[in-house]
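# Observations on the three-dimensional arrangement
The primary structure of each chain is shown beneath.
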Amino acid sequence: MTYLTSLGGGGGGTTIYTITASSEFTFDSEDGTVINTISNGSLTNSNFLSFSVIYTETTATSLDDFNLNAVTFNIENIVDNTSFDIRANSVNKASGTYTITYKVLYS
């Protein structure tokens, strides 16, 4: 589920928009990288501000698994007003499904 909200703008400042959603990344047997493409008609390279994630514990993956497998996430390949990619990297070759909640801020 994706939520779009706006902050600020009342005092003549810049309005900040937020995209908040969850995504699952399934590593096959000891993969190092998984890429999910997210459709979005609002984000552009010029209005992107920040990207953050919160790890989600599930019955299949504990919070410790994120750390033990050194799983990290970054945003890349922003196609203006179309989509962006979230790349999950695992230094220790993770396997299984890792779930995150991510937040993207843009103006």
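As shown above, the structure is provided for reference.
Just so it is clear, the model here is predicted, and its values are computed rather than measured.

Cut-offs used in this document
- Residues numbered from 1 in each chain as written.
- Predicted model: local features only at pLDDT ≥ 70, side-chain atom pairs only at ≥ 80, totals over all residues.
- Heavy atoms only, no water.
- Helix = DSSP H or I, 4+ residues; strand = E, 2+ residues; numbered from the N terminus.
- Buried < 20%, exposed > 50% of the residue type's maximum accessible area, 1.4 Å probe, protein only.
- Contact = heavy atoms within 4.5 Å.
- Areas by Shrake-Rupley, 256 points an atom, 1.4 Å probe, with all protein chains shown as cover.
- Polar contact = N/O pair within 3.5 Å; in protein donor to acceptor, adjacent residues only side chain to side chain.

The next point concerns the overall build of the protein. When helices and strands are tallied, the protein shows one helix and seven strands. Written out in order from the N terminus, the α and β elements of the protein read β-β-β-β-α-β-β-β. Looking at the 107 residues of the protein, the share that counts as buried comes to 33%. Considering only contacts in the protein between residues 6 or more positions apart, those separated by 24 or more positions represent 67%. In the form shown here, the protein has an accessible surface area of approximately 6,000 Å², with 48% of it arising from carbon and sulfur atoms.

The next subject is unusual backbone geometry. One non-glycine residue, alanine 70, lies in the positive phi region at around 50 degrees. Here alanine 70 is to be found in the loop between α1 (63–68) and β5 (71–79).

Within the secondary structure layout, asparagine 77 lies in strand β5. Distance in space between the C-alpha atoms of asparagine 77 and asparagine 45 is 9.0 Å, their sequence separation being 32 residues. Once you skip the residues sitting within four places of it in the chain, asparagine 77 turns out to touch Ser83, Phe84 and Asp85. Only 3.0 Å separates the side chain of asparagine 77 from the side chain of aspartate 85, close enough to count as a polar contact.

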